[in-house]
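Here is how the chains run, residue by residue.
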Amino acid sequence: MQPILEVRDLSTYYHTPRGPVKAVDEVSFTLHPGQRFGLIGESGSGKSTIALSLLRLIRPPGQIESGSVRLDGVDLLSLSDEEMRQKRLADIALVSQGAMNSLNPVTRVRSLMEDGFRNHEIELSSEESEQRIAALLGRVGLPPTVANLYPHQLSGGMKQRVCIAIAISLGPKVIIADEPTSALDVVVQRRVMQTLRRVQEDIGSAVILIGHDMGLMAQFADHVGVMYAGKLVEEGPVRQIFAQPQHPYTQLLMDSLPSLDSRDMSGGVAGQPPNLLAPPPGCVFHPRCPYAFDRCRVDVPKLQMAAPHHRAACHLLDEKEKIAA
Ligand code: SF4
């Protein structure tokens, strides 16, 4: 199956007076139609910068430095601003944590949804628009009467469902959900995630779910990528990552969880993430890694196959290979 999204060597830096912060550093991954890819990592690991880079919503002093983002064969980084504007929502859409609070409180849900049609020059009669909006609201489990309401009249869960309805309104090939439920209580979180999963399956979109809630990730994603200090350090099928993590950082994350139902990884790994203005040489994880050896302090490990469909960036994989040979 052809990938729907191919990200190659994507680097995004924030330029500060003290030098560039390498928020995303040569990240590569692919996404297949219908796949649910979870991107996990500590705060500041670059997850949200990847989301904004894919949507080309990075603002100065941030800048996409290099790489390519091919969506259904089209390199988004080579499009004009207007071409990219047309791609957003139509082909790649965002559901963000802040989205529900950014819904204009004095604009009815109907108008918010019509904006998407209008911005993409989709001409609909008022009857067609009404039907389409009712169908979209129905897809996310909301009655058509919600179209008449203002966002301030909706609960947090309902607002996030409206955001999902807007995100799927033009049938995007890829939905990026950036911590979509972190402001919601646990029961509502679960329902919103079930809704996202159902609509994603209905329309066949692929989803990138960004977050740090390992429980939600285990329930939602079929494939997981682990970010550390701007780098993708491990990726593979969710069951394999949880059962047999190959990168020491992922192993420590898993060890710090009492069970898969644990909600958060903030209790996490001992030590602090590196200063991205002056990251350590070699493996960026080496100051916190209990297995670091001489090579780790000078050589940057590359992602390599650890098992079928499972890659990790750690020199220990080479050592294991030497022992096995
Ligand atoms: Fe640890 Fe070395 Fe592997 Fe980095 S490369 S994770 S420091 S063992």
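The rules behind these values
- Sequence order as written defines the numbering, with residues in each chain counted from 1.
- Per-residue local features of the predicted model are confined to residues with pLDDT of at least 70, and side-chain atom pairs are confined, for both listing and counting, to 80 or more; whole-chain, interface and lining totals are unaffected and use all residues.
- Only heavy atoms go into the side-chain values, all of them from the structure, while hydrogens and water stay out.
- Each helix is a run of DSSP H or I of at least 4 residues and each strand a run of E of at least 2, with the numbering of both proceeding from the N terminus.
- To get the radius of gyration, use the C-alpha atoms; to get the globule rule, take the number of residues to the power 0.38 and multiply by 2.2 Å.
- Note on definitions: a residue-residue contact is assigned when non-hydrogen atoms from the two residues lie within 4.5 Å.
- In short, Shrake-Rupley with a 1.4 Å probe defines the accessible areas, and a residue's cover is counted only from the protein chains shown.
- One side-chain nitrogen of Lys or Arg within 4 Å of one carboxyl oxygen of Asp or Glu is enough to make a salt bridge.
- To sort residues, take the accessible area from a 1.4 Å probe on protein chains only and compare it with the maximum for the residue type: under 20% means buried, over 50% means exposed, and anything in between is partly exposed.
- What makes two strands pair is DSSP finding at least two bridges between them.
- For helices, the fitted axis covers only the stretch in contact; all axes are lines through C-alpha atoms, and the angles between them, taken along N-to-C directions, range from 0 to 180 degrees.
- By convention in these notes, a residue is near a molecule or strand provided one of its non-hydrogen atoms lies within 4 Å of it.
- Three classes are used: nonpolar for Ala, Val, Leu, Ile, Met, Phe, Trp, Tyr, Cys and Pro, charged for Asp, Glu, Lys and Arg, and polar for all others, with Gly counted as polar.
- Polar contact is defined as a pair of N or O atoms within 3.5 Å, subject to the rule that within protein one atom must be able to donate a hydrogen and the other to accept it, and that residues adjacent in sequence are counted only when both atoms are side-chain atoms.

Side note on the overall build of the protein
Next up, step 1: Scanning the protein from terminus to terminus reveals eleven helices and twelve strands.
Next up, step 2: Rg of the C-alpha trace for the protein: 21 Å, near the compact-globule value of 20 Å for 325 residues, within the 12% margin.
Next up, step 3: Principal-axis analysis of the C-alpha atoms places the extent of the protein at approximately 70 × 45 × 40 Å.
Next up, step 4: For the protein, contacts bridging at least 24 residues in sequence account for 66% of all contacts bridging at least 6.
Next up, step 5: With the model as given, the accessible surface of the protein reaches about 14900 Å², and the carbon-plus-sulfur share is 51%.

Examining the pattern of salt bridges
Close approach of charged atoms allows side chains with opposite charge to pair.
Next up, step 1: Overall, the coordinates contain 17 salt bridges when judged by the stated rule.
Next up, step 2: Between Asp-91 and Lys-87 there is a salt bridge; the shortest N-O distance is 3.0 Å.
Next up, step 3: Look at Asp-91 and you get buried, because its relative accessible area is 14%.
Next up, step 4: On the accessibility criterion, Lys-87 (18% relative accessible area) is buried.

Structural notes on the sheet that holds strand S5 (residues 74–75)
Next up, step 1: Across the sheet, four strands lie side by side as S2-S1-S4-S5; this open sheet has antiparallel pairing. Because the sheet does not close on itself, it has two edges, and the strands there are strand S2 (19–31) and S5.
Next up, step 2: As judged from the eight bridges shared by strand S1 (residues 5–16) and strand S4 (residues 62–71), these two strands associate in the antiparallel manner. Counterpart to Tyr-13 in the pairing with S4 is Gln-63.
Next up, step 3: Packing of helix H1 (residues 47–54) onto the sheet brings it into contact with S1, S2 and S4, and relative to S1 it is tilted by some 110°.

Describing the site of the ligand
Next up, step 1: The ligand sits among His-247, Pro-248, Cys-283, Phe-285, His-286, Cys-289, Tyr-291, Ala-292, Cys-296, Cys-314, His-315 and Leu-316.
Next up, step 2: Looking at the shell around the ligand, its residues break down into nine nonpolar, three polar and no charged.

With respect to the side chain of Ser-45
Next up, step 1: Position of Ser-45 among the secondary structure elements: in the loop between strand S3 (36–40) and H1.
Next up, step 2: Taking the relative accessible area as the measure of exposure, Ser-45 reaches 4% and is therefore buried.
Next up, step 3: Within the local environment of Ser-45, its side chain forms a polar contact with the backbone oxygen of Glu-42, the two atoms lying 2.7 Å apart.
Next up, step 4: Every residue in contact with Ser-45, bar those within four places of it in the chain, is listed here: Ala-23, Met-227, Tyr-228, Ala-229, Gly-230 and Lys-231.

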